[in-house]
Structures are given as C-alpha cells and as structure tokens.
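# Chains, contacts and geometry: an overview
Each chain, letter by letter, is given below.
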Amino acid sequence: RENFIHLCNPHLEKMKEDILYHFALGTGTHDFPALFGDVKFVCVGGSASRMKSFATYIAEELGLGSPGDDYPNICAGTDRYAMYKVGPVLSVSHGMGIPSISIMLHELIKLLHHAKCSNITIIRIGTSGGIGLEPGSVVITRQSVDATFKPQFEQVILGKTVIRSTNLDDQLAKELMQCSKEINQFNTVIGNTMCTLDFYEGQGRLDGAICLYSEEEKLQYLKEAYDSGVRNIEMESSVFAAMCNLSGVKGAVVCVTLLNRLEGDQISSSHDVLVEYQQRPQKLVGYFIKKRLGKV
C-alpha cells in the first residue's frame, strides 16, 4: 500500500510555486518528481561533511557508482544545508539544535511531497551524550522526552503553547535493533532520548561559561533521567519525532554516545576513536537499508 507524505497545511494548495529557500530549490525551477521521486530512505545528521561521508559510504554498500565517485551537493546554492542523493537514499545535513532541524524538516517534507514520494523512512543519525552507557554505545530512541522527562515537544504558535507527541515508530526501532544484533559490532540499546535546548546548562554540564548548580545537583538530575528511562541526550529528536508523526512518516533516531555523562562532561576521546564512534550509526543504518533492499 502506497503511503504518501501528508502535509498539514491547506495553504500550500493555493501557491503557484513553492520556494524551498534554505535548500535553494523550488517547484518552479526544479522537477521534483524527476529528481527525487525514487527516494525511499532519508538519512539526516548534523554536519554537512558527515552526511557527505554517509552518501559515499551508502553508495559503496549498495554497489552504486564507482570507488572515488564524487557526489555533488544538491543544495550548493546555499550554505545552510547540504544534500546528497545516492539511488533511493537522500542524505541531508540539519545543523545543530531544534530550530535548525525544524527549518530543514519543513522543507524536506515539502520536497518529498512535491516529488510524490511514498513509503518513506527518515532516520536521524548522530552523536549524543550517554547516561549509564559505555562510550561508543548506540542508542535507538523509543521516544524523545523533554528536560522534565515528558514525551512531548512544546512550541509557542501564535502566542499559544502547542504540545505534540514525540513517540517514534516502535516497529522500526525493533527492526533496527535486530539489524544491530546481526552486525554484532557494538553495544546497542533501545531507550528514551532527552532532547534539550542547549549543550551546556540544559544538559546539566559543569563546564559552560555559566553554571549556577552543584555537581551533586547535576548527578542527581542525571540519575533521575536514567531512572525514567533516558539513555542519552541530544538536541534535535523531539521536533524530529513530532514532525514525522504529523506528516505520517516512519522515523527513527540512531545516535552513538561519545561519553558517559555520569562520569564527566568533556569529550576526551582521541580524534581517531571519535571518528570510529561516529561511523557506528552509519554502519547500522547502512545495513538496515541494504536489508530492506534485499542486498544482505
């Protein structure tokens, strides 16, 4: 059964042209169905360079193109986001934090709709701070929770507070977990992910420019988070989950932990170790895509 993107915006039907400003793309200048109509998987992550490396990686895994091929940035007309396409896979950067990924997702969802894409799976791959996990562990998000451990995304719209659900697709999470068991290369868990509004105070760090709480208060808070089911902390998952739900898209969040926040705040692993950690979500999602496409 074809499952198309659902746009929760009746105003779009009245527009003669839709300009996706932050992608430097538009329905009046680009043939979206020709460019993107075959897309089935969208992987999004913070940095442009990481998403380019994922495009190169997935091309090799799927046997598309030749070694050393360069994949052009579809959004080269802007420096806001980067986008790469490899067969049925779209790899897109989203920047850092809720505002940045929110802008990208609005335009990405419209792009997929204009391209008449169906049965889309969107997966955020990224890094995070772990709670009670060894560095290098991968967390598949069950639900995103706010800084008070509630599974919701809160936004003020027209002066009114709107609350949206942040549950993610349970079957997709289980499918990814099974893929990790089959790879059997690193520790993977399914757990809740806390999404915060900043990297320092919002995550209870002691090493920011401003910190008006004690180490004991920090540890108590993080232990409360752990007891509530939180296994990692990042800054994008809540709005990602909310927007996937509203658009009828199956979404997942797969993040590697760079440190255990119960043991410290600063990321001290070597560059080579961090690079290997950051490849773990790529490996898991790459295997998942290959399996879905019958290439395993």
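Residues numbered from 1 in each chain as written. Predicted model: local features only at pLDDT ≥ 70, side-chain atom pairs only at ≥ 80, totals over all residues. Heavy atoms only, no water.

## Brief notes about the overall build of the protein chain
Within the protein chain, the secondary structure is distributed over seven helices and twelve strands. Rg of the C-alpha trace for the protein chain: 19 Å, near the compact-globule value of 19 Å for 296 residues, within the 12% margin. Within the protein chain, contacts between residues separated by at least 24 positions form 75% of all contacts whose residues are at least 6 apart in sequence. Between the mean site of the 29 positive side-chain charges and the mean site of the 33 negative ones, the protein chain shows a separation of 7 Å. (Helix = DSSP H or I, 4+ residues; strand = E, 2+ residues; numbered from the N terminus. Rg over C-alpha atoms; globule rule 2.2 N^0.38 Å. Contact = heavy atoms within 4.5 Å. Lys, Arg positive; Asp, Glu negative; His and termini not counted. Charge placed at Lys NZ, Arg CZ, Asp CG, Glu CD.)

## Digging into the nonpolar core
Generally speaking, a soluble globular protein has its nonpolar side chains buried in company with each other. Among the nonpolar cores identified, the biggest contains 40 residues, and Phe23, Val42, Leu108, Leu111 and Leu112 are the most heavily contacted of them. In terms of residue count, helix α3 (residues 98-114) provides more of this core than any other element does, eight residues in total. Beyond its immediate stretch of four places on either side in the chain, Leu112 contacts Ile5, Val39, Val42, Cys117, Ile120 and Ile122. Ranked by size, the runner-up nonpolar core spans 36 residues in total, among them Phe41, Ala59, Leu62 and Tyr71. (Core = buried A, V, L, I, M, F, W, Y, C linked by side-chain atoms within 4.5 Å. Buried < 20%, exposed > 50% of the residue type's maximum accessible area, 1.4 Å probe, protein only.)

## Concerning the layout of surface pockets
Within this model, the largest pocket holds a volume of roughly 500 Å³. Of all elements in the fold, only α3, β8 (152-157) and α6 (237-247) reach the threshold of two or more residues within the lining of the largest pocket. Tallied by class, the residues present in the lining of the largest pocket amount to twelve nonpolar, six polar and two charged. Computed from the structure, the second largest pocket encloses a volume of approximately 340 Å³. The wall of the second largest pocket is formed by 21 residues, among which Met96, Thr127, Ser128, Phe199 and Met235 lie closest to the centre. When residues of the lining of the second largest pocket are traced back to their parent elements, those giving at least two are β6 (121-130), β11 (230-234) and β12 (250-260). Looking at which element gives the most residues to the lining of the second largest pocket, the answer is β6, with five residues. Here the residues of the lining of the second largest pocket are counted per class, giving seven nonpolar, nine polar and five charged. (1 Å grid on protein atoms, 1.4 Å probe; cavity = no way out; pocket = protein on both sides within 12 Å on 5 of 7 lines; lining within 4 Å. Points joined across faces, edges and corners; volume = space filled by probe spheres on them. Nonpolar A, V, L, I, M, F, W, Y, C, P; charged D, E, K, R; others polar.)

## Quick notes on the packing of helix α4 (residues 170-183) against helix α7 (residues 271-292)
Closest axis-to-axis distance for the α4/α7 pair is 9 Å, and the angle between their directions is 105°. As judged from the angle between their axes, α4 and α7 are roughly perpendicular. Facing α4, whose interface residues are Leu172, Glu175, Leu176, Gln178, Cys179, Ser180, Glu182 and Ile183, α7 presents Lys283, Leu284, Tyr287, Phe288, Lys291 and Arg292. For the contact of α4 with α7, the residue count by class is seven nonpolar, two polar and five charged. (Axes fitted to C-alpha atoms, helices over the stretch in contact; angles between N-to-C directions. Parallel < 35°, antiparallel > 145°, perpendicular 65-115°, else oblique.)

## Quick notes on helix α2 (residues 48-62)
Every α-helix carries 3.6 residues per turn, so stepping three or four residues along brings you back to the same face. For α2, with 15 residues, the first-to-last C-alpha span of 21 Å sits near the 21 Å given by 1.5 Å per residue. For α2, every residue scored as buried is listed here: Arg50, Met51, Phe54, Ala55, Ile58, Ala59 and Leu62. The inward-facing, buried residues of α2 contact β3 (41-45), β4 (83-86), β5 (89-93), β6 and α7. Immediately beyond the C-terminal end of α2, within one or two residues, lies Gly63, with a positive phi of roughly 70°. (Expected span 1.5 Å × (residues − 1).)

## Here's the deal with the UniProt feature "domain: Nucleoside phosphorylase" (unreviewed entry) in the protein chain
As annotated in UniProt, the feature "domain: Nucleoside phosphorylase" (unreviewed entry) corresponds to residues 40-289 in the numbering used here. For residues 40-289, helix accounts for 36% and strand for 27%, while the C-alpha atoms at its two ends are 9 Å apart. (UniProt positions renumbered as here; feature names shortened; annotations may be inferred.)

## A closer look at a nonpolar patch on the surface
There is a patch of nonpolar side chains on the surface, built from Phe199, Tyr200 and Ile267 and spanning about 240 Å² of accessible area. Note that Ile267 resides in the loop between β12 and α7. Note on Ile267: relative accessible area 37%, which makes it partly exposed. (Patch = residues over 30% accessible without salt bridge, like charges linked within 9 Å, V, L, I, M, F, W, Y side chains within 5 Å. Areas by Shrake-Rupley, 256 points an atom, 1.4 Å probe, with all protein chains shown as cover. Salt bridge = Lys/Arg side-chain N within 4 Å of Asp/Glu carboxyl O.)

## Focus on the packing of aromatic side chains
Following the criterion strictly, the structure yields five aromatic pairs and no others. Taking the ring centre of Tyr226 as reference, the NZ or CZ of Arg231 above it sits at 3.7 Å. (Phe/Tyr/Trp six-rings, centres within 6.5 Å; stacked < 30°, edge-to-face > 60°. Lys NZ or Arg CZ within 6 Å of the ring centre and 35° of its normal.)

## Notes on the pattern of salt bridges
Within this structure, the stated rule accounts for twelve salt bridges. For Lys218, the salt bridge is made with Asp265, and the minimal N-O distance between the two is 2.7 Å. In this pair, Lys218 sits in helix α5 (residues 215-227) while Asp265 sits in the loop between β12 and α7, placing the two residues 47 residues apart along the sequence. On the basis of relative accessible area, Lys218 is assigned to the buried category, the value being 5%. Members of the salt-bridge network, linked through shared partners, are Arg124, Glu234 and Glu236.

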